[in-house]
Amino acid sequence: MKLPKPPNLPEKPLKPNFFHGHRKPSRNRPIVHGGLFSNRQYLSRDPPKSNSQPNPAANRTPFDLRKWDPQSRPQPPPPPPPISISAASERLSPIARFVLDALRKNRNRWGPSVVSELNKLRRVTPSTVAEVLKAGNDAAVAAKFFHWAGKQKGYRHDFASYNAFAYCLNRTGNFRAADQLPELMDSQGRPPSEKQFEILIRMHADNKRGLRVYYVYEKMKKFGFKPSVFLYNRIMDALMKCGYFDLGLAVYEDFKEDGLVEERTTFMILVKGLCKAGRIEEMLEILQRMRDDLCKPDVFAYTAMIKTLVSEGNLDGSLRVWEEMRRDEVKPDVMAYGTLVMGLCKDGRVERGYELFVEMKEKEVLIDRDIYRVLIEGFVTGGKVRSACDLWEDLVGSGYIADLGIYNAVIKGLCTVKQVDKAYKLFQVAVEEELEPDFETLSPIMVAYVVMKRLTDFSDLLERIGEMGYPVADYLSQFFKLLCSDEEKRTMALDVFDVVKTKGHGSVSVYNILMDALYKMGNIEKSVSLLSEMKDSGFEPDSSSYSTAICCSVEKGEVQEACLYHEKITEMSCVPSIAAYLSLARGLSQIGEIDAVMLLVRECLGNVESGPMEFKYALRVCHVCKASSAEKVMEVLDEMKQEGVCISEVIYCAIISGMAKHGTIKAAREVFAELKRRKVMTEAEMVVYDEMLVEQTKKKTADLVLSGIKFFGLESKLRAKGCRILD
């Protein structure tokens, strides 16, 4: 009989074995408690929670809907503490983590220290190499490690390690090196399989590298592999999507020579690619082959073709596909109708789109609100406002609520036929329906009031806009910009501005828009007077104001005044406009200020992100003059002509500056003579620029003499002899 155990003795722990459980847990090995017949529970790495910690769910106050504030946002929970070991690292094996740590300690640089660390490993398996390559992001280190692993005793790369190396090279942008892996595998005694080529093709296809896809395909054929139907489809799809349609058709010819049978996907890839290329006749031949060998295309296939053609702007081709769909007795769905109607309306074929709309009504096909919108916009653009209003009534009768785009289109149409009062009522309805009208809604009404000279109504509308909380100053700036963009309405802008000023709605941006409009109209005096009026009204001119003033001053011949405006812009730490730079440079060149012109050119190219080509070529001409060769200067000027850049006064100043500083007067005169022979420069201009060349050369020579005197310290001797040159 077995005696009971004394109560004071502790329980003897069971020895871990096959029945009672696994070995002792460790941090690097996910271990479970229990044996063969017990319930398994995963070990938790989180520390056990103390019982003294309060339970947040128990202390939470109950939610009261009456005290809920929809504007208040709950405080975001505090971020969790950082975890020392990342989730990706936990999924790696201990040996792979050791390799990555060795690389990380040496800042991901391969060297003797890394090799000495790796030599501590007893052996490296191909799965470990694949793990390390999947986690690496440095192609050079990955290649070194891959080569080091291949030299270990008894080691041989398998397909998984080669594939991981290919993915690593592609991930780091070294896809050309990844394409050489089949040759590497073959040289190391493991010929590649079709799977390796499929991986390369898939990588290039995902990154839209069509030519690389074809390159891998040709290499695949050299290794004696015939792609499967699935891989052929992948290759042709990549080539068609990248625009290499002829290569895609060439691959299709190889497909047929290999005796493979087309699938539905094969035909659809070819058809969509030819639709994208606009090769309708070839597409119809493929479509007929699909009917003969496989089946008729369904509504989804036809919809995909129509969508591709409409996106490419080929509406004639989409209508031919539509006729083919009718011939096959395929009933179009909502997507097919909507795609074609929207494409026709955007292309200006509203009548044809409306015929399809009527057909949809007869067949009781669900009509989307976007179809109503494009038809209404098309009728308004074509001047058929009555038809647009009828469609509006049909839209409301169908149970839809018009969106802001439809309101904008109808309001614009009513304003074009001078039905401004009805347009204003529609604006009020849009406000009542809380659609939040914007400037696109109001601009047709504002322009119509001005054209019809109803300035009182225009002023009342401004007051209403202000009462509704809209930004009146921004709307006025956009309105004057819209008004001044039309040459016929620029004169009306000044009358409107007089009304706006009386209401206290003037601004610097409006003044700038009017100054620029008057300058383009040739009314220079009025444009400059607006600058003075702006200052008298208490507004501070900005860089745009002074830029327009520079252009006006140069047109008046007051180059010194333009330079003063340029200095004011510089004092404001702003940059003049490109038009101001061009105008001031031409003005300075006309009065012979060669150095000032070149200084302005460098300043413009240093301040403006995309400077004028005229200035860029001016610096290039000045640089070419260092060779003192008229032929090289003429080569640059010929290139300018081919690029469509005009040879202006700035280029002549660049020739004079470059030749006076680096070349000779003779070379500069040869350039001017050649330009005169080509009738680019007139006789009078040649005489003027020749005098400027001589004066600039004298000036540069004098500067060199004075610099030499100062360099050798001869000033005191010259002054002792009574020379006053340096004074």
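Quantities reported herein were computed from a predicted structural model and do not represent experimental measurements.

Peer 1: So, the overall build of the protein chain: which residues are in play, and what are the values?
Peer 2: Counting its regular elements, the protein chain contains 39 helices and 2 strands. Burial status across the protein chain gives 41% buried among its 727 residues. Of the contacts formed within the protein chain by residues at least 6 apart in sequence, a portion of 59% connects residues at least 24 apart. For the protein chain, the accessible area works out to roughly 42600 Å², and carbon and sulfur atoms hold 53% of it.

Peer 1: Explain the pattern of salt bridges to me, using residue names and the numbers behind them.
Peer 2: For side chains bearing opposite charge, pairing can occur when the charged atoms are close. A complete count under the given rule lists 43 salt bridges for this structure. The partner of arginine 202 in a salt bridge is glutamate 198, with the nearest N and O atoms 4.0 Å apart. Note that arginine 202 and glutamate 198 are positioned in helix H10 (residues 194-206) at a spacing of 4 residues, about one turn of the helix. Note that aspartate 486 and lysine 489 form a salt bridge whose closest N and O atoms lie 3.9 Å from each other. Owing to a relative accessible area of 23%, lysine 489 belongs among the partly exposed residues under this scheme. Within the structure, one salt-bridge network assembled from shared partners comprises Arg291, Glu324, Arg327 and Asp328.

Peer 1: A description of the confidence of the model for the protein chain should follow, citing residues and the corresponding values.
Peer 2: With 87% of its residues at a pLDDT of 70 or more, the protein chain shows a mean pLDDT of 83. Per-residue pLDDT stays below 50 along residues 32-53; that stretch engages in 24 contacts with residues further than four places along the chain or on separate chains. Confidence over residues 81-88 falls short of pLDDT 50; this stretch has 2 contacts with residues more than four positions distant or in other chains.

Peer 1: Can you lay out the environment of phenylalanine 300 for me, pointing to particular residues and giving the numbers?
Peer 2: Tracing the backbone shows phenylalanine 300 in helix H16 (residues 299-311). Phenylalanine 300 sits 35 residues away from methionine 335 along the chain, and the two C-alpha atoms are 9.0 Å apart.

Peer 1: How would you explain helix H23 (residues 420-432) if you had to name every residue and give the values?
Peer 2: With 13 residues, H23 should reach 18 Å at 1.5 Å per residue; the first-to-last C-alpha distance of 18 Å fits that figure. Listed in full, the buried residues belonging to H23 are Val420, Ala423, Tyr424, Leu426, Phe427 and Ala430. Axial view of H23: buried residues confined to an arc of 155 degrees, hence all on one face. In H23, the exposed residues that point more than 90 degrees away from the buried face are Lys425 and Glu432. Looking at the buried side of H23, the elements it contacts are helix H21 (385-397), helix H22 (404-416), helix H24 (439-451) and helix H25 (455-467). Of the residues trailing H23, glutamate 434 is marked for its positive phi of about 60 degrees.

Peer 1: A description of H22 should follow, citing residues and the corresponding values.
Peer 2: For H22, with 13 residues, the first-to-last C-alpha span of 18 Å sits near the 18 Å given by 1.5 Å per residue. A large share of H22 lies buried, amounting to 10 of its 13 residues. Those residues of H22 lying buried are Leu404, Ile406, Tyr407, Asn408, Ala409, Val410, Ile411, Gly413, Leu414 and Cys415. Contacts made by the buried residues of H22 are with helix H20 (369-381), H21, H23 and H24. Looking one or two places after H22, you find lysine 418, whose phi comes out positive at around 65 degrees.

Peer 1: Please provide a residue-by-residue account of the nonpolar core, values included.
Peer 2: Grouped together as the largest cluster of nonpolar side chains are 205 residues, with contacts concentrated most on Met283, Phe458, Phe479, Phe480 and Leu637. If we skip the residues at most four places from it in the chain, methionine 283 touches Val271, Leu274, Cys275, Met305 and Val321.

Peer 1: Give me the lowdown on the packing of H24 against helix H26 (residues 472-484), citing residues and values where you can.
Peer 2: Each pair of packed helices gets described by two things: the angle between the helix axes and the distance between those axes. One way to put it is that H24 packs onto H26 with a least axis distance of 10 Å and a crossing angle of 60 degrees. Regarding the angle of H24 to H26, the classification is oblique. Crossing of H24 against H26: the hand is right-handed. Taken together, the residues of H26 that come into contact with H24 (itself represented by Phe439, Leu442, Ser443, Met446, Val447 and Val450) are Tyr475, Gln478, Phe479, Leu482 and Leu483. Its residues placed into classes, the contact of H24 with H26 shows 9 nonpolar, 2 polar and no charged.

Peer 1: Describe the packing of helix H34 (residues 613-624) against helix H35 (residues 630-643), naming the residues involved and giving the relevant values.
Peer 2: Interaxial distance between H34 and H35 falls to 9 Å at its minimum, and their mutual angle equals 160 degrees. One way to sum up the angle between H34 and H35 is to call them roughly antiparallel. In the packing of H34 onto H35, the handedness of the crossing is right-handed. Along its contact with H34, which presents Tyr617, Arg620, Val621 and Val624, the element H35 presents Lys632, Val633, Val636, Leu637, Glu639, Met640 and Glu643. Of the residues contributing to the contact of H34 with H35, the split by class is 7 nonpolar, no polar and 4 charged.

Peer 1: Lay out the side chain of threonine 128 with the relevant residues and their values.
Peer 2: Mapped onto the elements of the fold, threonine 128 is located in helix H5 (residues 126-135). Within polar-contact distance, the side chain of threonine 128 engages the side chain of threonine 125 at 2.8 Å. Sequence-distant contacts of threonine 128, that is, excluding residues within four places in its chain, are made with Ile95 and Ala96.

Peer 1: Quick rundown of unusual backbone geometry? Include the residues and the values.
Peer 2: The residue asparagine 108 is not glycine, and still its phi comes out positive at about 55 degrees. Of note, asparagine 108 is situated in the loop between helix H3 (94-105) and helix H4 (112-118). Unlike most non-glycine residues, glutamate 434 shows phi in positive territory, near 60 degrees. By secondary structure assignment, the location of glutamate 434 is in the loop between H23 and H24.

Peer 1: How would you sum up the environment of leucine 319? Please name residues and give values.
Peer 2: Locating leucine 319 in the fold gives a position in helix H17 (residues 315-327). Take leucine 319: its relative accessible area is 18%, and that puts it in the buried class. In the structure, leucine 319 is positioned 21 residues away from leucine 340 in sequence and 8.2 Å away in space, judged by C-alpha atoms. The residues touching leucine 319, leaving out its near neighbours within four places in the chain, are Leu340, Leu344, Arg349 and Arg352.

Peer 1: Pulling in residues and values, what's your account of the packing of aromatic side chains?
Peer 2: Using the criterion set out here, one finds 26 aromatic pairs in the structure. Ring geometry for phenylalanine 197 and phenylalanine 225: centres 5.7 Å apart, planes at 55 degrees, overall tilted. Here the residue phenylalanine 197 occupies a position in helix H10, and phenylalanine 225 occupies one in the loop between helix H11 (210-222) and helix H12 (229-241), the gap between them amounting to 28 residues. By relative accessible area, phenylalanine 197 is classed as buried at 0%. By the ring-pair criterion, three or more aromatic residues cluster together here, those being Phe458, Phe479, Phe480, Phe497, Tyr511 and Phe539. The ring of phenylalanine 159 has arginine 190 lying over it, and the distance from NZ or CZ to the ring centre is 5.4 Å.

Peer 1: Which residues make up a nonpolar patch on the surface, and what values go with them?
Peer 2: A cluster of nonpolar side chains, contributed by Phe711, Phe712 and Leu714, occupies part of the molecular surface with about 370 Å² of accessible area. On the secondary structure map, leucine 714 appears in the loop between helix H38 (683-712) and helix H39 (715-720). A residue is classified by how much of its surface remains accessible, and leucine 714, at 32% relative accessible area, is partly exposed.

Peer 1: Give me the lowdown on the environment of arginine 373, citing residues and values where you can.
Peer 2: Inspection of the secondary structure puts arginine 373 in helix H20. Considered as a pair, arginine 373 and tryptophan 392 are 19 residues apart in the sequence and their alpha carbons are 8.9 Å apart.

What counts as what
Residues numbered from 1 in each chain as written. Predicted model: local features only at pLDDT ≥ 70, side-chain atom pairs only at ≥ 80, totals over all residues. Heavy atoms only, no water. Helix = DSSP H or I, 4+ residues; strand = E, 2+ residues; numbered from the N terminus. Buried < 20%, exposed > 50% of the residue type's maximum accessible area, 1.4 Å probe, protein only. Contact = heavy atoms within 4.5 Å. Areas by Shrake-Rupley, 256 points an atom, 1.4 Å probe, with all protein chains shown as cover. Salt bridge = Lys/Arg side-chain N within 4 Å of Asp/Glu carboxyl O. pLDDT = per-residue confidence, 0-100. Expected span 1.5 Å × (residues − 1). Arc of directions from axis to C-beta. Core = buried A, V, L, I, M, F, W, Y, C linked by side-chain atoms within 4.5 Å. Axes fitted to C-alpha atoms, helices over the stretch in contact; angles between N-to-C directions. Parallel < 35°, antiparallel > 145°, perpendicular 65-115°, else oblique. Left-handed = near helix turned anticlockwise from the far one by under 90°. Nonpolar A, V, L, I, M, F, W, Y, C, P; charged D, E, K, R; others polar. Polar contact = N/O pair within 3.5 Å; in protein donor to acceptor, adjacent residues only side chain to side chain. Phe/Tyr/Trp six-rings, centres within 6.5 Å; stacked < 30°, edge-to-face > 60°. Lys NZ or Arg CZ within 6 Å of the ring centre and 35° of its normal. Patch = residues over 30% accessible without salt bridge, like charges linked within 9 Å, V, L, I, M, F, W, Y side chains within 5 Å.

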